[in-house]
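One letter stands for each residue in the lines below.
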Amino acid sequence: MEASAGLVAGSHNRNELVVIHGHEEPKPLKNLDGQVCEICGDDIGLTVDGDLFVACNECGFPVCRPCYEYERREGTQHCPQCRTRYKRLKGSPRVEGDEDEEDVDDIEHEFNIEDEQNKHKHLVEAMLHGKMSYGRGPEDDENAQFPPVITGGRSRPVSGEFPIGAAHAFGEQISSSSLHKRVHPYPMEEPGSARGDEKKEGGWKERMDDWKLQQGNLVPEPEDANDPDMALIDEARQPLSRKVPIASSKINPYRMLIVARLVILAFFLRYRILNPVHDAIGLWLTSIVCEIWFAFSWILDQFPKWFPIDRETYLDRLSLRYEREGEPNVLAPVDIFVSTVDPTKEPPLVTANTVLSILAMDYPVDKVSCYVSDDGAAMLTFEALSETAEFARKWVPFCKKFSIEPRAPEWYFTLKIDYLKDKVQPTFVKERRAMKREYEEFKIRINALVAKSLKVPTGGWIMQDGTPWPGNNTKDHPGMIQVFLGHSGGVDAEGNELPRLVYVSREKRPGFQHHKKAGAENALIRVSAVLTNAPFMLNLDCDHYVNNSKAVREAMCFLMDPQIGKKVCYVQFPQRFDGIDTHDRYANRNTVFFDINMKGLDGIQGPVYVGTGCVFRRQALYGYEPPKGPKRPKMVSCDCCPCFGRRKKDRKHSKHGGDGATNGVDDDKELLMSQMNFEKKFGQSAIFVTSTLMEEGGVPPSSSPAALLKEAIHVISCGYEDKTEWGTEFGWIYGSITEDILTGFKMHCRGWRSIYCMPKRAAFKGSAPINLSDRLNQVLRWALGSVEIFFSRHCPAWYGFKGGQLRWLERFAYVNTTIYPFTSLPLLAYCTLPAICLLTDKFIMPPISTFASLLFIALFLSIFATGILELRWSGVSIEEWWRNEQFWVIGGISAHFFAVVQGLLKILAGIDTNFTVTSKATDDEEFGELYTFKWTTLLIPPTTVLVINLVGVVAGISDAINNGYQSWGPLFGKLFFSFWVILHLYPFLKGLMGRQNRTPTIVVIWSVLLASIFSLLWVRIDPFVLKTKGPDTKQCGINC
C-alpha cells in the first residue's frame, strides 16, 4: 500500500471495503463478493482443469482448496453452510470415511505422506496449514514478483521455505510456487551445522566453557591482537548498560532508620492500645484504627524502596554493535502508538507536535512507524494529520541537519535559551528563521481547521472530493486507515526517506464493548502487526512529545542487550511536564513517585507501567512467558541416590533448556501451539496469528497489498475480539480505567521484569492540569481505577500466586497501588479529630508520662529523618517532597474519598461512571489556568475539614482564655494537630482564593484568626466596666 493510496474505510462484518481519494469518486478496492474464500479471505483459485474450484456441490459455499483440505483432514469434514459432508475431489488425498464413496481413484495423488521429522521441524506450518496460510496469488502466474507491500524492502529477513537471497532483495522475479509457501518464524538449523555437531559431541568441559562465555566470565583470546580495530570490537562486546547502586554511605543509614522507625512504631501502637481514654472512648478508638491503618499503609509503601538503583546506558556501544560502517543497520524496528480521542480537549496542534517529534527522532527512518489512533473518528484530526505530514517533509531534515533538541517545534521555538549554542553551520540562523516562519504558517492552517470544525454542517462533514466523512457518527462508523507517509511517497524536501505515518480509526458499532483507551491500544497492536510488525512498540499520549531524540536508543540498550534483554518486557521512562507553575502548587510533577518509588521498584522486578512513555516487547504483550535462562551444568562424580536424582534433573534440563535464552521462547510457543486454539486466543486473522510467532518481527514479502489492507480493516473491526483472550489475558487489560497498572501487573506475574530508564535529558515531556479542579478530577480517575482493580479478579492481594513469578516486594507495591484510595477513610476521620477535640474539650490521648513523651518525640524524628535520607539518595528537593505531602492530604480527603464511594456504588449498585479526558488545552496567559476557579463536588470535603479546624482553633483558644492558665497545657497538643491539618490544606485554600493580585491568602487566614482571638480576649477583659472589690454577696447575703 502506497502513501498516496487514499483513505481506506471498511467493515469486515458488513463485507465492505472502499478507498477514498482526495479528488476522486470512491472506488471499490476489491470485489469482496466475488471468488473469495469465506474462511481465510484468499482467492478460491482454479482446479487442475482450469475451472473454478467448488468444494461443496450441494450449496456452492465458497471455500479455497487449502481450507477444504484442512477441514477434511483436521476438522469436521462438513461444509460450514449446509453441513453436508465434503466429498473427495480430484487431486485431494484420501481421509478417513472416503472408503464409502463411489469415486474415481486418483492414483497420482493417493498417497501424500509427509516425513514425520519434517512435520515436527515445521510445526508452525502444520498448525497454520490451510486456513492460516496467506499470500497465495493466482495459480497461473508464473512470473510473480514481490508485491510492494507497506513495508517495502524494509521487512526483517524471515527464514522459511522460500529462499530470500540477495537478488530477491533487489526485486528480481521468483517463481510463483515459492511465493505460495508459508513463512516459518523460527530459524532452522542444518543437519550438519557446526552448532549441531557441538551439541552432539560436546562434553562437560565444553558446556562449562560455553556457559562461562555466555556469562562473560571467560573471554576468548583474540586472533589478532595487533588489529587496530580490535579496540572497537572489544568495546562493542561490552554490556550496553549497567546498574549503578546507591552509595552505601547513603543507603545503609536509610535502611537502618527504616528498621528503627518500624520498632518505634510498634512500641507506639502498643502504648496507644494499652492506654485508653475512658472519658472519650469513641475518639480514642477511632484514632487507634486510623493509626493502625496508617502503619500498614506505610509498610506497603516503604519496603518496596529497600533496593533503589540507578542505571547507565552506553549509546556508543549500541552503535558499534548494531550500526557498523559498511554493513546493514540491524537495530530493531519500532512501532510508535499515539492515541487521541477528542480534538476539543486534546488540541490538534498538540498532537501534531507529538507526531513531528516522533518522525524527527534520531533512529533509522526505515525502522520507525508512527500510528495515530483517532478514537473519536474526527475529521479535524484527520485533516490536521494530513497537514502535519506535509510540514514534516521540511521539519524533519531541518532537525537532523542541525541536531535540534527538542524536536517538537512548538517547544523548540518557545525555549528561552541560547539556540546558537554548539551550532557551527553558517546557514543555521537563516534556515531557522525560515523554518520558524514555515511553522507559524502551519499553525495558522491548523487554527483554520479548528475554527471550521466549531460549526458542524447539518448533513455532516464532507471530504474534498464530495464524499461524506465516514466518521460523521462517532458511535457508528467503519474502520478507517490512511497512510500519509511511507512506501512510495514518504520523502522529505531533500529527497530523503521519511518514517511511516499511519492514521487509524477503529470501527465502532452500537451494542459492542469498545473498552476506551485499552481497546484502542489493542487495535493498534493488531494493525501494526499486520502492516509492519516491529518487535518493539512505544506508546505515547497525544500530549507527550519526544524531548530526547535518542530516547528509543536508550531503551534499546536494555531490550537488545544480549545478557538481560530477552527477559525485559518493557522499559519505562519517567514522566516530565511542561507548563507547571514554579512552586508546583498541586504536586503535578509527582517527583516523589517517579524519582523515589520507581527507583526502588527497579531494584526488585522493575517499575510499574504508568500509561505513557514506555517501550514494550511485542512478545510480552502477546502473553508469552519470558525465556528460561541457561543453568550452570553440574558435574556428577558418583552414582549414589542424591546424585542420581540430580543427574535426572540435568537430563531434563538439557532436553528443554539447553539452547540458552531463546530456547525457552521456542518451548513456550510449541506448548501454546499444541495445547490451545489460536483463533480463540488471538482472533480469526491468519496473517495476524502468524505475526505473533515471529519473535524478530517483519512482514512476509509474500503478502499482497490488497490482502494486507483487507486484513488491517479486519483486525480493527468491532467484533474481532469477541470470544478471544484480548484484554483478559494479554494486550492492554480491560476491567479498569487505569489499564496501565493491570497491563504491567499481568506481565510481571508471568515472570517478566521491567527496566526504569532515566536519561540525563528527559526522554518525553507532556502537559499536566495545573487547575485545582482539573487536577482533582485527574486524581479521582486514577484512584477509581485502583478501586476497580481491588474488586476485580486481578487484585494483587490474591492474584498471581500460582506461578510464583511475582516477587514479594513487587507484590507489596502493586497491593499499595490498589488500596491507597481506601486510606482516605481514616485520613478524613483523622483530619476531623483535632477540631472535635477542640470543640468538645476532649482528647484522644491520656496525660502522657516522660517515657510516652520520649516515644512521641522519637516517632516524629524518625518520620522526618526517613524523609530527609530519601531526599539524600534520590536527589529530590525538600520543596517537592513537602508539596507531595500536602497534596497527599488534599487528594486523600477529596478525590480518593469520592473514588471509594463511586467504586462501591459501581460494585454494589452497578452505577457506572463516565471517563473524562483530561484537558490538554493551554491558557494564553502564563499559568492563567492555575487561578481559574471551577466548582466541583470534590471541593466540599476539604473545604469542610478546613472550616471545622479553623472554628475549632478559635473555640479552643477562647475556651482556654475563659478557663484560666491551667487549661493552656492540654490546648497545645490539640492545636498542634489542628495546625498540622491546616498547614497541609494550605495549597487548597490558596486555590480557592484565586488570583495572586488579590489579598494574599495567608493574610486573610491570620486576619480572621487573630481578629477572633483578640475579640474574645477583649470581651474577657472588658476594660470599660469598673470592677470593685468586696465580699461575695452570694455567700453572706445582702445585709452582711
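Residues numbered from 1 in each chain as written. Predicted model: local features only at pLDDT ≥ 70, side-chain atom pairs only at ≥ 80, totals over all residues. Heavy atoms only, no water.

Caption draft 1: Representation of the packing of helix 28 (residues 824-840) against helix 30 (residues 878-892) in the model. For the pair helix 28 and helix 30, the least separation of the axes is 9 Å and the interaxial angle reads 100°. In terms of orientation, helix 28 and helix 30 fall into the roughly perpendicular class. Residue-level inspection shows S824, L827 and C831 of helix 28 in contact with helix 30, the latter providing W888, V889 and G892. (Axes fitted to C-alpha atoms, helices over the stretch in contact; angles between N-to-C directions. Helix = DSSP H or I, 4+ residues; strand = E, 2+ residues; numbered from the N terminus. Parallel < 35°, antiparallel > 145°, perpendicular 65-115°, else oblique. Contact = heavy atoms within 4.5 Å.)

Caption draft 2: A look at the pairing of strand 15 (residues 753-756). Side chains of strand 15 alternate between two faces, with R753 and I755 and S754 and Y756 buried alike. In terms of strand pairing, strand 12 (residues 568-572) meets strand 15 through 4 bridges, oriented parallel. Across the sheet, V568 pairs through a bridge with R753, a residue of strand 15. (Buried < 20%, exposed > 50% of the residue type's maximum accessible area, 1.4 Å probe, protein only. Pairing = 2+ DSSP bridges.)

Caption draft 3: Region of the structure containing the packing of aromatic side chains. In total, this model carries 49 aromatic pairs according to the counting rule given. Centroid distance F616 to W732: 5.3 Å. Interplanar angle 65°. Geometry classified as edge-to-face. Of this pair, F616 sits in strand 14 (residues 614-617) while W732 sits in the loop between helix 24 (705-715) and helix 25 (739-749), and the two are 116 residues apart along the sequence. Residue F616 shares its accessibility class with W732, and that shared class is buried. Judged by centre distance (6.2 Å) and plane angle (55°), the rings of F790 and W798 are tilted. Members of the aromatic cluster, joined through ring pairs, are F391, W395, F398, F402, Y412, F413, F428, Y439 and F442. (Phe/Tyr/Trp six-rings, centres within 6.5 Å; stacked < 30°, edge-to-face > 60°.)

Caption draft 4: Region of the structure containing the confidence of the model for the chain. In the predicted model, the chain carries a mean pLDDT of 77, and the fraction of residues at 70 or more is 71%. Element-level mean pLDDT values for the chain span from 34 in helix 5 (residues 176-179) up to 96 in strand 14. (pLDDT = per-residue confidence, 0-100.)

Caption draft 5: Inspection of the pattern of salt bridges at higher detail. According to the stated counting rule, one finds 34 salt bridges in the structure shown. A salt bridge links K401 to E431, with the shortest nitrogen-to-oxygen separation between them at 2.8 Å. With K401 in helix 13 (residues 379-402) and E431 in helix 15 (residues 428-453), this pair connects stretches of sequence that are 30 residues apart. Between K517 and D541 there is a salt bridge; the shortest N-O distance is 2.9 Å. One end of the pair, K517, is in helix 16 (residues 516-531); the other, D541, is in strand 10 (residues 536-541), and 24 residues separate them in sequence. (Salt bridge = Lys/Arg side-chain N within 4 Å of Asp/Glu carboxyl O.)

Caption draft 6: Representation of the sheet that holds strand 16 (residues 764-767) in the model. Here we have 3 strands laid out as an open sheet, ordered 11-16-13, and mixed in their pairing. Edge strands, defined here as strands with exactly one partner in the open sheet, are strand 11 (545-546) and strand 13 (576-578). Summarising the sheet, strand 13 and strand 16 pair through 3 bridges and their orientation is parallel. Residue pairing in the sheet places R576 in a bridge with K765 of strand 16.

Caption draft 7: Summary view of the environment of W284. Relative to the elements of secondary structure, W284 occurs in helix 10 (residues 281-302). Residues W284 and I844, spaced 560 residues apart in sequence, show a C-alpha to C-alpha distance of 4.7 Å. If near-sequence neighbours (up to four positions away) are discounted, W284 is found in contact with R272, I273, N275, P276, V277 and I844. Side-chain polar atoms of W284 contact the backbone oxygen of R272, separated by 3.1 Å. (Polar contact = N/O pair within 3.5 Å; in protein donor to acceptor, adjacent residues only side chain to side chain.)

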